[in-house]
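# Fold and geometry: a report
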2 protein chains.
Amino acid sequence: MVKRTAQDIRRRNRFDTLRCVYAAPAPVSRQDIAAATGLSFATVANLVAELLEVEVLVEAGHEESGGGRPRARLAVNAERGVLLGIDVAETGIQAQLFDLSLTVLRSVELPLPGAKVAPADVVETIVTGVRELLASTGTPSSRVLGAGVSVPGLVEREGGVSVYSPYWSWRDVPLRALLAERLDTPLYLDNPLKASTVAEMWFGAGRDVDDLVVVTLRAGVGAGVAVDGALYRGATNSAGEWGHSCLVLGGRECRCGKEGCVEAYVSTSGVARTVRELSPDSPLLRDPDESAVVEAVARAQSQGDPVAVETITRTAHYLGTALADLFNLLNPQTLVVGGWLADRLGEPLLRHTREVVARQAAPQPPEAVRLQRSTVPDNPVSLGAATFALEGFLNDRETFGPVKAGRRNARGARTRTAP
Amino acid sequence: MVKRTAQDIRRRNRFDTLRCVYAAPAPVSRQDIAAATGLSFATVANLVAELLEVEVLVEAGHEESGGGRPRARLAVNAERGVLLGIDVAETGIQAQLFDLSLTVLRSVELPLPGAKVAPADVVETIVTGVRELLASTGTPSSRVLGAGVSVPGLVEREGGVSVYSPYWSWRDVPLRALLAERLDTPLYLDNPLKASTVAEMWFGAGRDVDDLVVVTLRAGVGAGVAVDGALYRGATNSAGEWGHSCLVLGGRECRCGKEGCVEAYVSTSGVARTVRELSPDSPLLRDPDESAVVEAVARAQSQGDPVAVETITRTAHYLGTALADLFNLLNPQTLVVGGWLADRLGEPLLRHTREVVARQAAPQPPEAVRLQRSTVPDNPVSLGAATFALEGFLNDRETFGPVKAGRRNARGARTRTAP
Ligand SMILES: [Zn+2]
Ligand SMILES: [Zn+2]
């Protein structure tokens, strides 16, 4: 039995309180937070006092309360510091600078070398991106409260964080240690599936529901799962590898070495492959780059090109069948589909997919099947990575309990008592 | 955001405390419970005081504590009352009577009519089974604290509990209401997947781990999921329908109306079908009853019958591929395989399945893949059903907080203050 300490419960309550402030369209009172979270007013008041003390929250005016004392409204203190969110994808990175309200202040995109990508390439590109962000905004590095980094693959958090990335043939790469040699800020590593899911929990569909599945479709494919308002990580932080579920027994070869994986059908390269199977001479394949093929399909389907239309139909058949399995196994309150590929193929893909899911989700009753596109603005992966940094900043602070051995404090801790 | 009230937390802590007492091989002290659960001593003392007051726990001797006051040892009060656990399967029911320590006192098995089973048939058979159990043990019905009933299909808990069972073409059957007309005891309905999982959580692999998946293979096939020590139900209590995941796109017809479902390959009828595909004239098919075919395969494979051996190999290929998908998606601390079919085909099936899973579970690292057979003695489904009744008895009692509108109290509540 895993122990749930008083500190775990307190941490969970703190996140619920803070998520409530982030999710609200306008500043909220302690009473609003208590009503939304189910926590007692005393608990909320206590947590808010801490968050005010470390200047993560600020008071933003008062509301009248029918004769009683006016109630203070609370908001996130956007000026408290900045966070970095870095999305390392297969072909390039996007690095974003956020204020503490998680508004994007600046973005930069940098390509990775086309061929085999080594850990040193990724480190160098991240460092360049961070320097550009700070220099172009005149941000001193002392203002950075933390950097979240999303890397494709499995991010093992035990023993100092190492990355296993089949795509680049990385195994046990101590990426956090390599980055820590170059960047003087607390680092939080995870993968795009978990980053997208956290972004959805704080800023998307997860504001309203506590059990959701977030499917990400891009070069890689996977699913993040939130249970009872918390990110589900699994035993070794490698839950969500839905992209390598078997969709077609004995089907297409997948880059993971297996056959018939979901990813071999509904990723960027999977869609390009469907086009090649349907019509090897199609003009949609003129530019052999797989992203370019997807762009061409998106354009051509709106003009009724038969190969593009059939590609969407087949992709929806594969995707809908695989999503129906997720509904059957996890019965989420809602399932969110996002990622570059979903954005590019957009409503036509989703519309067809919904039809397939409706047929295939039996024995689930139809009303149990809620499928929606991500509503998180901009890039959910870098936003989610920055959210990991926010969570880490709050978890690591001495204010909130004993600091874990071997982890340094967030920089903010030193300036906390400054005026 | 779903509210987590102080009552929810208290309820969770109470279950953790009680599970700790049930799981221990010998009576435990309050200090043992605090150490095992991570709860404070004060919280444990408080919860134990409640459980002693309602006589669910009793003091069972003392232990010396090195000079201090001797520590009381606590045990479950087996004599406190009895619980019923009823496993309604496709072809018959098993009803069991348990004492409060969840030891089986008596079992009875009754067949269901072979053809189309109506709700009235199931109600009548359950009532007969319960009467037999009580009469043969001389148990007055006033001693029954609750009855847990597992029925195959989806058990919708909103609006009074109704059952949707594709196998019997039941839809919106108000089974709890029908049973309540005949049985004067609190009733708790769910399906075999969830019952098996709860049994595993209290009495099997779940005593040591908090994130587990429990796969049940019998006429129906499915998976139960426990997250963070709690049964995962999903939005409409229909999580776990893994049996109707797509294993072979466009494959065998399934009784759910779809094609290529896991259940069409690794259920009792799926195995019989594999034999028929391999060798339509095999003597293994002499008795056309599908359970009899499985029994014949189990016997013949130990004598090296090539059709039986190949049936096991193919079944392991299907099962291993499907289980690898569960490992990839959920990354559980352990995955437990149980149910009649798993028991009959036993180690030969599991051994081959492990080999397939080891190959197919990429990108999971091999050490993340722990596959084991169920260690729950006897029938996990009826045990789990009785455990639901125990949980319900504790949840419903006024002692532990306001009783929910429309739910009657467990009978025990009335006798609580009796000497
Ligand atoms: Zn794969
Ligand atoms: Zn099916």
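A quick note: this is a predicted structure, and the numbers were derived from the prediction, not measured. (Residues numbered from 1 in each chain as written. Chains lettered and ligands numbered in written order. Predicted model: local features only at pLDDT ≥ 70, side-chain atom pairs only at ≥ 80, totals over all residues. Heavy atoms only, no water.)

## Focus: the overall build of chain A
The condition is simple: Segments assigned H or I by DSSP are reported as helices when at least four residues long, segments assigned E as strands when at least two residues long, and all are numbered from the N terminus. Just to be clear, the radius of gyration here is over C-alpha atoms, and the globule rule we use is 2.2 Å times residues to the power 0.38. When accessible area is computed with a 1.4 Å probe and restricted to protein chains, residues below 20% of their type maximum are described as buried, those above 50% as exposed, and intermediate ones as partly exposed. Positive charge is attributed to Lys and Arg, negative charge to Asp and Glu, and no charge count is given to His or to the chain ends. Every charge is mapped onto a representative atom, which is NZ of Lys, CZ of Arg, CG of Asp or CD of Glu.
Scanning chain A from terminus to terminus reveals 13 helices and 16 strands. The globule rule puts the C-alpha radius of gyration for 419 residues at 22 Å, and the 22 Å found for chain A is close to it. Each principal axis of the C-alpha distribution contributes one length, and for chain A these read about 70 × 50 × 45 Å. Buried positions account for 60% of the 419 residues belonging to chain A. Charged side chains of chain A number 45 positive and 49 negative; the gap between the two group centres comes to 4 Å.

## Some details on the sheet that holds strand β9 (residues 162-165) of chain B
Residue and element names in this part refer to chain B. To be explicit about the condition: DSSP calls a pair of strands paired once it identifies at least 2 bridges connecting them. For helices, the axis comes from a line fit to the C-alpha atoms of the stretch in contact; other axes are also lines fit to C-alpha atoms, and the angle between any two N-to-C directions lies between 0 and 180 degrees.
Pairing in this open sheet of three strands is antiparallel, and the strands run β8-β9-β10 from one edge to the other. At either margin of the open sheet sits one strand with a lone partner, and together these are β8 (154-156) and β10 (170-173). Shown here is a sheet whose adjacent strand axes are inclined to one another by a mean of 15 degrees, direction ignored. For β9 and β10, the ladder comprises two bridges, and the chain directions are antiparallel. Bridge assignment links Val 163 to a residue of β10, and that residue is Val 173.

## Quick notes on the coordination of the zinc ion (ligand 1)
Metal coordination angles have textbook ideals: 109.5 degrees for a tetrahedral set of four donors and 90 or 180 degrees for an octahedral set of six. Residue and element names in this part refer to chain A. Applied cut-off: Only nitrogen, oxygen and sulfur atoms qualify as donors, provided they sit within 2.8 Å of the metal or within 3.2 Å for Na, K and Ca; with water excluded from the atoms, sites may seem incomplete. A site with four donors is called tetrahedral when every donor-metal-donor angle falls between 85 and 135 degrees; four donors are called square planar, and six octahedral, when opposite donors sit more than 155 degrees apart and all other angles fall between 65 and 115; any other arrangement is irregular.
For the zinc ion (ligand 1), the full set of protein donor atoms is His 244 (ND1), Cys 254 (SG), Cys 256 (SG) and Cys 261 (SG), and the range of their distances to it is 2.1 to 2.3 Å. With four donor atoms in place around the zinc ion (ligand 1) and angles of 102 to 121 degrees between them, the coordination shape is tetrahedral. Judged by relative accessible area, which is 6%, His 244 ranks as buried. With a relative accessible area of 9%, Cys 254 lands in the buried category.

## Points about the relation of the copies chain B and chain A
Rules: Fitting of the copies onto one another was done by least squares over C-alpha atoms, counting residues only where both copies have pLDDT of at least 70. We call two residues contacting when some pair of their heavy atoms lies within 4.5 Å.
Rotating chain B by 180 degrees about the axis while translating it 0.0 Å along that axis superimposes it on chain A, leaving an RMSD of 0.0 Å. Those values place the two copies in the arrangement expected of a two-fold rotation axis. Minimal C-alpha distance to the rotation axis in chain B is attained by B:Val248, lying at 2.7 Å. Most of the interface of chain B is mirrored in chain A, where 100% of its interface residues are also at the interface.

## Description of the coordination of the zinc ion (ligand 2)
Within the first shell, the zinc ion (ligand 2) binds the protein through B:His244 (ND1), B:Cys254 (SG), B:Cys256 (SG) and B:Cys261 (SG), at distances of 2.1 to 2.3 Å. Here the zinc ion (ligand 2) is ringed by four donor atoms whose angles at the metal span 103 to 121 degrees, and the overall shape comes out tetrahedral.

## Examining the interface of chain B and chain A
Stated precisely, the cut-off is as follows: Buried surface area refers to the total accessible area, computed with a probe of radius 1.4 Å, that the two partners give up upon joining, counted for both partners together. For this document, the term salt bridge refers to a Lys or Arg side-chain nitrogen within 4 Å of an Asp or Glu carboxyl oxygen. The definition of a polar contact used here is a pair of N or O atoms within 3.5 Å, where within protein one atom must be able to donate a hydrogen and the other to accept one, and adjacent residues in sequence count solely through side-chain atom pairs. Residue type decides the class: Asp, Glu, Lys and Arg count as charged, Ala, Val, Leu, Ile, Met, Phe, Trp, Tyr, Cys and Pro as nonpolar, and the leftover types, Gly among them, as polar.
With 62 residues of chain B in contact, the opposing surface of chain A contributes 62 residues. Interface area, chain B with chain A, both sides summed: about 5200 Å², of which 57% is carbon and sulfur. The tally of links between chain B and chain A comes to zero salt bridges. Summed over the shared surface of chain B and chain A, the result is 22 residue pairs in polar contact (both at pLDDT 80 or more). In terms of residue class, the side of chain B that touches chain A is made up of 29 nonpolar, 17 polar and 16 charged.

## A short note on the packing of aromatic side chains
Residue and element names in this part refer to chain A. Definition in use: Under the pairing criterion, centres of Phe, Tyr and Trp rings, with the six-membered ring standing for Trp, must be within 6.5 Å; the plane angle then separates stacked pairs below 30 degrees from edge-to-face pairs above 60, leaving the rest tilted.
Across all of its chains, the model carries twelve aromatic pairs over all chains by this definition. On the numbers, 5.3 Å between centres and 80 degrees between planes, the contact of Tyr 22 with Trp 202 is edge-to-face. Placement of the pair is Tyr 22 in helix α1 (residues 6-23) and Trp 202 in helix α6 (residues 192-203), with a sequence separation of 180 residues. The burial state of Tyr 22 is the same as that of Trp 202; both residues are buried. Pairing Tyr 22 with Phe 203 gives two aromatic rings, centres 5.9 Å apart and planes at 85 degrees, and the pair type is edge-to-face. Here Tyr 22, found in helix α1, pairs with Phe 203, found in helix α6; they are 181 residues apart in sequence, far enough to count as distant. For Tyr 22, a relative accessible area of 10% corresponds to the buried category. Its relative accessible area of 14% is what places Phe 203 among the buried residues.

## Some words on the sheet that holds strand β4 (residues 82-88) of chain A
Residues and elements named next belong to chain A. On the basis of which strands lie adjacent, the open sheet formed by five strands has the order β6-β5-β4-β7-β11 and mixed pairing. This sheet does not close on itself; its edge strands, each paired only once, are β6 (104-111) and β11 (187-190). Between one strand axis and the next, the sheet turns through 15 degrees on average, direction left out of account. Bridge count between strand β5 (residues 92-99) and β6: seven bridges; the pairing is antiparallel. Across the sheet, residue Ala 95 finds its bridge partner in β6, namely Val 108. Its contacts with the sheet place helix α4 (residues 119-137) against β4, β5, β6 and β7 (144-150), and it is angled at close to 145 degrees to β6. Sitting on the sheet, helix α12 (residues 380-396) is in contact with β4, β5, β7 and β11, with an inclination near 135 degrees to β4.

## Regarding the domain arrangement of chain A
Rules: What counts as a domain boundary in this text is fixed by an automatic or database domain assignment.
Annotation of chain A at the domain level lists domain 1 (6-76), domain 2 (80-195 + 379-395) and domain 3 (207-373). Just the C-alpha atoms count here: the centres of domain 1 of chain A and domain 3 of chain A sit 39 Å apart.

## Let's talk about the side chain of A:Ser29
Checked against the element boundaries, A:Ser29 lands in strand β1 (residues 28-29). Judged by relative accessible area, which is 0%, A:Ser29 ranks as buried.

## Focus on helix α2 (residues 30-37) of chain B
All names here are of chain B. What counts, and what does not: Arc definition: it is the arc formed by the directions from the helix axis to the C-beta atoms.
Turning to α2, its buried residues are Arg 30, Ile 33, Ala 34 and Thr 37. Looking straight down α2, one finds its buried side chains confined to an arc of 100 degrees; they lie on one side. Phi turns positive, to about 85 degrees, at Gly 38, one or two residues after α2.

## Some remarks on the packing of helix α10 (residues 306-330) of chain B against helix α11 (residues 340-360) of chain B
Residue and element names in this part refer to chain B. Where we set the bar: For this classification, under 35 degrees means roughly parallel, over 145 means roughly antiparallel, 65 to 115 means roughly perpendicular, and everything else is oblique. Handedness of a crossing follows from how the near helix is turned relative to the far one, being left-handed for an anticlockwise turn of less than a right angle and right-handed for a clockwise one.
Running from N to C, α10 and α11 point in directions that differ by 50 degrees, and their axes come no closer than 7 Å. Between α10 and α11, the crossing angle belongs to the class labelled oblique. The two elements α10 and α11 meet at a crossing, and its hand is right-handed. Contacts from Ile 312, Thr 313, Thr 315, Ala 316, His 317, Leu 319, Gly 320, Thr 321, Leu 323, Ala 324, Phe 327 and Asn 328 in α10 reach Leu 345, Pro 348, Leu 349, His 352, Thr 353, Val 356, Val 357 and Gln 360 in α11. Looking at the contact of α10 with α11 residue by residue, the classes come out as eleven nonpolar, nine polar and no charged.

## A short note on the pairing of strand β5 (residues 92-99) of chain B
A regular strand places its side chains so that they alternate between the two faces of the sheet. Residues and elements named next belong to chain B. Counting buried residues along β5, eight of its eight residues qualify, which places the element largely inside the surrounding structure. Burial of the side chains of β5 extends over both faces: Gly 92, Gln 94, Gln 96 and Phe 98 are buried on one face and Ile 93, Ala 95, Leu 97 and Asp 99 on the other. Where strand β4 (residues 82-88) meets β5, seven bridges bridge the pair, whose relative direction is antiparallel. Across the sheet, the residue bridging to Asp 87 is Gln 94, located in β5. Turn length for the β5-strand β6 (residues 104-111) hairpin, with the two strands adjacent in sequence and antiparallel, is four residues, and the turn residue Leu 102 shows positive phi of about 65 degrees.

## Observations concerning the side chain of B:Thr387
You can see B:Thr387 is positioned in helix α12 (residues 380-396). Discounting chain neighbours no more than four positions away, the residues touching B:Thr387 are B:Leu102, B:Val198, B:Trp202 and B:Phe203.

## A look at unusual backbone geometry
All names here are of chain B. Even without being glycine, Glu 55 reaches a positive phi, approximately 65 degrees. Examined against the element boundaries, Glu 55 turns out to sit in the loop between α3 (41-53) and β2 (57-63). One non-glycine residue, Asp 228, lies in the positive phi region at around 55 degrees. Assignment of secondary structure puts Asp 228 in the loop between β13 (221-227) and β14 (230-232). Assessed through its relative accessible area of 38%, Asp 228 is described here as partly exposed.

## A few points about the environment of B:Asp172
Residue and element names in this part refer to chain B. Summarising the element assignment, Asp 172 is placed in strand β10. As for Asp 172 and Leu 133, which are separated by 39 residues in sequence, their C-alpha atoms are 29 Å apart. With near-sequence residues (within four places) excluded, Asp 172 lies in contact with Glu 156, Ser 162 and Val 163.

## So, the pattern of salt bridges
All names here are of chain A. In total, this model carries 32 salt bridges over all chains according to the counting rule given. In this structure, Arg 71 and Glu 63 form a salt bridge, with 3.9 Å as the shortest nitrogen-oxygen distance. With relative accessibility at 30%, the residue Arg 71 sits in the partly exposed group. Taking the relative accessible area as the measure of exposure, Glu 63 reaches 15% and is therefore buried. Each of Arg 10, Arg 14 and Glu 50 takes part in a single network of salt bridges with overlapping partners.

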